[in-house]
Amino acid sequence: MKLWTLIPELIVGGLCLALVPIAGWVKGRWRYSIGIAAIIGLLVAIAFTARMLSWSPQMVMEIYAVDGLANVFKLLIELGAVITLLLLLSYFRGHTQLAHAPLAVLFVALGGLGLSSSMDLTLIILFLQMISFSSYVLAALVRSDGRALEASLKYFIFGAVCLAIMAYGLTFLYGMTGSLDLRVIGNALEGRDRMWIALTLGLILVGYGFEITMVPFHAWAPDVFAGATAPVSGFVAVVPKIAAFAGLVRLFLYALPNGLIGWPWMIAGLAAITMTFGNLAALRQQGLKRLLAYSSIAQAGYILMALAVLQRSPMATAAATYYLAAYLFMNLGAFAVVAQVERSVGTDQIEEIGGMGRSAPMVAAVFALSLLSLAGIPPLAGFAGKVYLLQATIDGNMLWLAIIGAINMVIGLFYYIRVIGEMYWRPAKHPFPLITGVGFTGAYAVLLFGTLALGIWPAPAMAVTGNVSQLVK
Amino acid sequence: MPILLEITIWLPFVTGLLALLVPTRRAKPIQALGLAGALVTMAVALTLAFRYAAGSPGLQFRTTLPWIPSLNATYDMAVDGLSLPLIVLTCILLVAVMAYSLREADRPKGFTFLFLLMATGLNGLFAAQDLLLFYVFFEISLVPLYFIIGIWGHENRRYAAMKFFLYTRFGSLAMLLSFLALYLSVRPHTFSLAQIAAAHPFAGGGSGAALVLLGLMLGYGVKLPVVPLHNWLPDAHVEAPTEGSVMLAGALLKMGGYGMLRIMLATVPDAVRQAGWVLVTIAVVSVVYGALAALGQRDFKRLVAYTSINHMGYVLLGAAIYAMSSDPRVRALALTGATYQMVSHGLLTGGMFFMVGILQEKTDTRDLDRLGGLIGRAPLYSLLLALLAFGSLGLPGLSGFVAEFQVIGATVSLSLLAAVITVIGLLINTGVYLKVIAKLLMGAAPGGICPMTEPTPMRLVVVGSLTALSLLLGIAPMLLVQIIRGATEISAVL
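This is a predicted model, so every value here is computed, not measured.

Cut-off values and rules
Residues numbered from 1 in each chain as written. Chains lettered and ligands numbered in written order. Predicted model: local features only at pLDDT ≥ 70, side-chain atom pairs only at ≥ 80, totals over all residues. Heavy atoms only, no water. Helix = DSSP H or I, 4+ residues; strand = E, 2+ residues; numbered from the N terminus. Buried < 20%, exposed > 50% of the residue type's maximum accessible area, 1.4 Å probe, protein only. Contact = heavy atoms within 4.5 Å. Areas by Shrake-Rupley, 256 points an atom, 1.4 Å probe, with all protein chains shown as cover. Lys, Arg positive; Asp, Glu negative; His and termini not counted. Charge placed at Lys NZ, Arg CZ, Asp CG, Glu CD. Rg over C-alpha atoms; globule rule 2.2 N^0.38 Å. Salt bridge = Lys/Arg side-chain N within 4 Å of Asp/Glu carboxyl O. Polar contact = N/O pair within 3.5 Å; in protein donor to acceptor, adjacent residues only side chain to side chain. Axes fitted to C-alpha atoms, helices over the stretch in contact; angles between N-to-C directions. Parallel < 35°, antiparallel > 145°, perpendicular 65-115°, else oblique. Left-handed = near helix turned anticlockwise from the far one by under 90°. Nonpolar A, V, L, I, M, F, W, Y, C, P; charged D, E, K, R; others polar. Expected span 1.5 Å × (residues − 1). Pairing = 2+ DSSP bridges. Phe/Tyr/Trp six-rings, centres within 6.5 Å; stacked < 30°, edge-to-face > 60°. Lys NZ or Arg CZ within 6 Å of the ring centre and 35° of its normal. Patch = residues over 30% accessible without salt bridge, like charges linked within 9 Å, V, L, I, M, F, W, Y side chains within 5 Å.

### Structural notes on the overall build of chain B
Across its full length, chain B carries 20 helices and 2 strands. Here the C-alpha coordinates of chain B stretch approximately 70 × 60 × 40 Å along the principal axes. For chain B, with 494 residues in total, the buried portion stands at 67%. For chain B, the proportion of contacts with a sequence separation of at least 24, taken over those separated by at least 6, is 82%. A total accessible area of about 15800 Å² is found for chain B, and carbon and sulfur atoms account for 69% of it. One way to put it: in chain B the 30 positive side-chain charges average out to a point 3 Å from where the 21 negative ones average out.

What follows is the structure in structure tokens.
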């Protein structure tokens, strides 16, 4: 076994094991050490993962793929975790959660790293559970907050049921093919009873749909996002979603070749429903976290467009990955600002940001750029991502889906600019000084750089995400 | 010297960034910086125009850099006779706006930055030779106006700003889908306008070409605007601050016209020809509807806004005639007329919106029924207003006449009926402006006093220069026509 192919996982896993006992007894300023150690460890992991991009695809113990797809998604997951840790450092300054929160983030990241490489059904469900359980903990970080506890409980029950149904579906795959290996399953499924395959896929999509907030398994998201603290909401909206998309891409590419049982049409329909529902529901929201929750449901719908044409357009995988990279920066950017506002004024209602364009122009600019990027306005990351997605969709001969996507982007603009308008053309509600912190500033710098760079000069990032087409055979 | 074009495109943006970063809260230094940046940009743009070799067809001042190699999208900037006049127009209007707004004190940093950003967007758009690049600059030009209307606009600004943004975004996404279809229809895939035009992927028309044309028409039709996609325009104009209206009417509407001439005609000429009568109908309806709607307005600003629909109809008419006719002389006439109309309208209507702004500032109203007798109180203002009005109604000697005469002339060769209806629209428009002159300048203010005085010399100079340019282009049309002509000849080859 080539242990060095697992270096990122070993670093993150080692950090988890080492930091858990320490986090229990550190006090006062020493609580920072946990988060800082986690950030440093993740940065090292990022360096190794980036180095591994040029390696040729290989299998570890025949169940764990270390290929371009896995490495690119690992980079995104590690990056998302680092940025979230930065935010948490400033958000929980002086609170006991300062020491505990980074641990849960690390566990989610570890689960994500594992899921993006898993080629084996048991590993898939294992890592999905790992991601989800740590996310439940994250949602309940502030134990004195009743809404957070309620959110966490809802999250837990919803997630447990969805993942159980998915596990049930995975057993069908084993039953039909006698193998846990996605590649073997893919070869054996052709010619089987189509009804059974359809049923199985439906059951598996329940679990993945839960993770990526696909309608109709999205119902937990608005409540959990609104109940949890804003940095956590941002993290849960981004990292588990990226990991689950990696799993979904693997499932479709390996286990369901040649558009078996017409799954592309199924996914296309779900994409259309998901984005339309997310956008329409976001129109009427008053809480920023809830609004961003519905927005991230809609964003998941956009990415599903590329998944629908995964086998019909050669650029689809790269397009979905690029969009996820853009989504990482812009969505975390929006949640970061909400986190700072929430920390400063105690609530996330939309009128709280009134007049922020004057009282906190820099923060307002970050928020505005993130939202415009989510809406797909050039030259920002979301624009380049959307062009890529639409292009892949049209290339995959699903013009109708691209048109529905474009219409949705118009609807989406409506609520994003409503928030921007609130900042710029309302009198100030609070004579701010916002609570600041190095964590916020650092996170803004990274996020803003990503949002601008991925939009203005996409070539380098596209070269990196282009690696996803390197798959193990 | 391609660097001249790059400076014209990027200098406004750089100046805007500087204005944001100047460590002062006082308005004067920021505004001075903005005006200086605009003046230098205009000087460079004029140098560009003088150095432009009018005789030789094809693209000049070209810069090509790799941008997104994996998508075959390049940073490809160049000008020809179609785009150069619009770039110069944008730079002139930018100077006018910056000079006009010297007295504005509300949040000068953002104000200056947004207008300069918009200028960069417009110049980049007019120079872009790559569809994706064109799209990027298309949206960069739109977003600043959204903020300008929303922050500095009048009472109902939030509604107007949102309506403006949603309408144009709808149009631009439809356009983007068409761009993607064009991109995917050529092998190897490319966003390069020249390569797509040369490959001519939708030769002979058909349903695919019709869909592409529909997407492009939605994009440019919203922007131009044509009936029935015009609904956002009156609201946006009425609520926008004066400077915003000037840029909107003067330069932003041209994005639609330019897109039709440059991209629609180059990529799907057969589809345009097949749909020619539909487009002619839309254009003629716009011409007549814009004039009729203007006739019914009491609000001076709304009236001018509706006449824009009338004027811009000629651009679509010119484009349609160009595609339908096979006679090169008619085609040249149509294209020259359409381009001329864009420049002329930018000067005249830009000036007219300044006049509306001055009037509103002095008298606190734009209601034509409550104003009158200005000629006695502000003779210079009245003179300029009259000149602009005569230019807008197409009086010979001013630029509007040259433009409309050419388009109508080209239309006659194809359809007498369309030409006659257009002339009817022209007549109604004449009535509109004669009404304005009669109500505002002549007679006496109903109810007695009208608190109008002469505007500041700076503002008179701003509007006066725009009017003088229109006069110049009216008297010596060859100045502009010879620049445009190079473009018409190259397009005729495509």
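### Overview of the overall build of chain A
A tally of regular secondary structure across chain A gives 19 helices and 2 strands. Taking 2.2 N^0.38 as the reference for a compact globule, 473 residues should give roughly 23 Å; the C-alpha atoms of chain A span a radius of gyration of 21 Å, in line with that estimate. Residues classed as buried in chain A amount to 67% of the 473 residues present. Contacts spanning at least 24 positions in sequence make up 82% of the contacts within chain A whose residues lie at least 6 apart.

### Section: the pattern of salt bridges
Residues and elements named next belong to chain B. Applying the stated criterion across every chain yields a total of 21 salt bridges over all chains. A salt bridge links Arg-298 to Asp-369; its shortest N-O distance comes to 3.0 Å. Pair noted here: Arg-298 is in the loop between helix H12 (276-295) and helix H13 (300-324) and Asp-369 is in the loop between helix H14 (328-363) and helix H15 (374-377), with a separation of 71 residues, a long-range link. On the basis of relative accessibility, which here comes to 46%, the residue Arg-298 falls in the partly exposed class.

### Digging into the interface of chain A and chain B
Between chain A and chain B, the contact holds 36 residues from the first and 34 residues from the second. On the surface where chain A and chain B come into contact, there are 1 salt bridge. Among the ionic pairs, B:Arg158 bridges to A:Glu422, the shortest N-O distance being 3.7 Å. Linking chain A with chain B are 6 residue pairs in polar contact (both at pLDDT 80 or more). Residue assignment for the side of chain A that touches chain B shows that the elements contributing at least two residues are helix H15 (361-375), helix H16 (381-395), helix H17 (399-424) and helix H19 (459-465) of chain A.

### Quick look at the environment of B:Leu466
All names here are of chain B. The residue Leu-466 is located in helix H19 (residues 457-475) in this model. Residue Leu-466 is classed as buried on the basis of its relative accessible area, which comes to 2%. Spatially, the C-alpha atoms of Leu-466 and Asn-72 are 41 Å apart, while their sequence positions differ by 394 residues. If we ignore the near neighbours within four places in the chain, the residues touching Leu-466 are Ile-92, Leu-93, Leu-347, Gly-350, Gly-351 and Phe-354.

### With respect to the side chain of A:Thr49
Residue and element names in this part refer to chain A. Tracing the chain through its elements places Thr-49 in helix H2 (residues 31-52). Among the polar contacts listed, one links the side chain of Thr-49 to the backbone oxygen of Ala-45, at a separation of 2.6 Å. Apart from residues lying up to four places away in sequence, Thr-49 is in contact with Pro-8, Asn-71, Lys-74, Leu-75 and Glu-78.

### Digging into the environment of A:Gly301
Residue and element names in this part refer to chain A. Relative to the helices and strands, Gly-301 is located in helix H12 (residues 288-308). Gly-301 gets classed as buried once you look at its relative accessible area, which sits at 0%. For the pair formed by Gly-301 and Met-214, sequence separation is 87 residues and the distance between their alpha carbons is 7.0 Å. Filtering out sequence-adjacent residues up to four positions away, Gly-301 remains in contact with Ala-271, Thr-274 and Met-275.

### Observations regarding the packing of helix H13 (residues 316-345) of chain A against H16(A)
Residues and elements named next belong to chain A. At a minimum axis distance of 8 Å, the contact between H13 and H16 shows a crossing angle of 160 degrees. In terms of orientation, H13 lies roughly antiparallel with respect to H16. Here H13 runs over H16; the crossing is left-handed. Side by side, H13 and H16 meet where Ala-316, Ala-318, Ala-319, Ala-320, Tyr-322, Tyr-323, Ala-326 and Met-330 of the first sit next to Ala-381, Gly-382, Ala-384, Gly-385, Lys-386, Tyr-388, Leu-389 and Ala-392 of the second. In the contact of H13 with H16, the residues fall into 13 nonpolar, 2 polar and 1 charged.

### Describing H16(A)
Compared with an ideal rise of 1.5 Å per residue, which puts 15 residues at 21 Å, H16(A) spans 21 Å between its outermost C-alpha atoms and is within 8% of the ideal. Within two residues after H16(A), A:Asn397 carries a phi angle of roughly 60 degrees, on the positive side.

### What about the environment of B:Ser245?
Residue and element names in this part refer to chain B. Structurally, the position occupied by Ser-245 is in helix H10 (residues 242-267). By relative accessible area, Ser-245 is classed as buried at 0%. Between the alpha carbons of Ser-245 and Phe-353 there is a distance of 6.5 Å; along the sequence they are 108 residues apart. If we ignore the near neighbours within four places in the chain, the residues touching Ser-245 are His-237, Ala-240, Gly-250, Lys-301 and Phe-353.

### What about the side chain of B:Ser83?
Take B:Ser83: it is sitting in the loop between strand S2 (73-79) and helix H3 (84-100). Excluding residues within four positions of it along the chain, B:Ser83 makes contact with B:Ala78, B:Phe126, B:Tyr258 and B:Arg262.

### A closer look at the packing of H12(A) against H16(A)
All names here are of chain A. One can describe the packing of H12 onto H16 by two numbers: an axis separation of 8 Å at closest approach and a directional angle of 40 degrees. As judged from the angle between their axes, H12 and H16 are oblique. Considering only the axes of H12 and H16, their crossing is left-handed. Residues Gln-299, Tyr-302, Ile-303, Met-305 and Ala-306 of H12 lie in contact with H16, whose contacting residues are Lys-386, Leu-389, Leu-390 and Thr-393. Within the contact of H12 with H16, the residues separate by chemical class into 6 nonpolar, 2 polar and 1 charged.

### Section: the pairing of strand S1 (residues 60-68) of chain B
For a regular strand, side-chain orientation follows a simple rule: the groups alternate between the two sheet faces. All names here are of chain B. As judged from the 6 bridges shared by S1 and S2, these two strands associate in the antiparallel manner. Residue Thr-64 lies in a different strand from S2, and its bridge partner there is Asp-76. The turn joining S1 and S2, which pair antiparallel and follow one another in sequence, is formed by 4 residues; a positive phi near 60 degrees is taken by Asn-72.

### So, unusual backbone geometry
Residues A:Val215 and A:Pro216 are joined by a peptide bond in cis, for which omega reads 5 degrees. Note on placement: A:Pro216 falls in the loop between helix H8 (194-211) and helix H9 (220-227). The residue after B:Arg187, namely B:Pro188, is reached through a cis peptide bond having omega -10 degrees. Residue position: B:Pro188 is located in the loop between helix H6 (157-185) and helix H7 (193-199). Positive phi, normally seen in glycine, also occurs at A:Glu62, with a value near 60 degrees. Position of A:Glu62 relative to the elements: it lies in the loop between strand S1 (58-60) and strand S2 (64-66). The backbone phi angle of B:Asp364 is positive, close to 70 degrees, even though this residue is not glycine.

### Observations regarding the packing of aromatic side chains
Applying the stated criterion across every chain yields a total of 42 aromatic pairs over all chains. Consider the rings of A:Tyr155 and A:Trp220, whose centres lie 4.6 Å apart with planes at 10 degrees: the pair is stacked. Remark: A:Trp220 occurs in helix H9 and A:Tyr155 occurs in helix H6 (residues 146-177); sequence separation between them is 65 residues. When sorted by exposure, A:Tyr155 lands in the same class as A:Trp220, which is buried. Ring geometry for B:Phe111 against B:Trp152: centres 5.1 Å apart, planes inclined by 80 degrees, an arrangement best described as edge-to-face. Of this pair, B:Phe111 sits in helix H4 (residues 108-127) while B:Trp152 sits in helix H5 (residues 131-152); the two residues are 41 residues apart in sequence, bridging distant segments of the chain. For B:Phe111, a relative accessible area of 3% corresponds to the buried category. Pairwise contacts between aromatic rings join A:Phe133, A:Tyr136, A:Tyr155, A:Phe156, A:Phe158, A:Phe210, A:Trp220, A:Phe225 and A:Phe335 into one cluster. The cationic tip of A:Arg343 hangs over the ring face of A:Tyr91; the distance from NZ or CZ to the ring centre is 4.5 Å.

### Here we look at a nonpolar patch on the surface
All names here are of chain A. Judged by side-chain polarity, Phe-133, Leu-153, Phe-156, Ile-157, Val-161 and Ile-165 come together as a nonpolar surface patch covering roughly 520 Å² of accessible area. Per-element accounting of the nonpolar patch gives the leading share, 5 residues, to H6. Note that Ile-157 resides in helix H6.

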